[in-house]
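Single-letter residue listing:
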Amino acid sequence: MVEIYYFTNSCCYYCIVNEKSLSHVQFIKSKAVGETEASRMCDGCDHPAAFVFKAIKPGIDTIRLDRPMALESCDSTYSKDQELYVVEVK
């Protein structure tokens, strides 16, 4: 399993830009991480979360994450500041 942790809030969110092109890992789910009483009471506060992937076959994938604003779609043309995570499955 691979977990990529991030912070999200009501203004923007993280998304996986190239989920359909991954061939060595598979996206399983997003999950909330370590939510506190203070973060539940604050609509604009950051909330920790994680993307969870499982290995499906040996090789290398690059997971591309972007952070569009709340009403914008997640696509490969949105941002030049995408985060890249290279994952090697052995």
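Because the structure is a prediction, the values reported are computed rather than measured.

Caption draft 1: View of the pattern of salt bridges. In the structure shown here, the tally under the stated rule is 1 salt bridge. Between K31 and E3 there is a salt bridge; the shortest N-O distance is 3.1 Å. Of the two residues, K31 is situated in strand β3 (residues 25-32) and E3 in strand β1 (residues 2-8); the sequence distance between them amounts to 28 residues.

Caption draft 2: Local environment of the sheet that holds strand β4 (residues 47-55). Spatially, 3 strands are ordered β1-β4-β3 in an open sheet, and the strand pairing comes out antiparallel. The open sheet is flanked by β1 and β3, the only strands paired with a single partner. When strand polarity is set aside, the average angle formed by the axes of neighbouring strands in this sheet is 25 degrees. As paired elements, β1 and β4 share 7 bridges and run antiparallel to each other. Residue F7 lies in a different strand from β4, and its bridge partner there is P48.

Caption draft 3: View of the environment of I4. The topology assignment puts I4 in strand β1. Through-space distance from the C-alpha of I4 to that of L65 is 9.8 Å; in sequence the pair is 61 residues apart. Non-local contacts of I4, meaning those with residues more than four positions away in its chain, are made with A49, A50, F51, F53, I63, L65 and Y85.

Definitions and limits used
- Residues numbered from 1 in each chain as written.
- Predicted model: local features only at pLDDT ≥ 70, side-chain atom pairs only at ≥ 80, totals over all residues.
- Heavy atoms only, no water.
- Salt bridge = Lys/Arg side-chain N within 4 Å of Asp/Glu carboxyl O.
- Helix = DSSP H or I, 4+ residues; strand = E, 2+ residues; numbered from the N terminus.
- Pairing = 2+ DSSP bridges.
- Axes fitted to C-alpha atoms, helices over the stretch in contact; angles between N-to-C directions.
- Contact = heavy atoms within 4.5 Å.

Any link to function would need more than the numbers given here.
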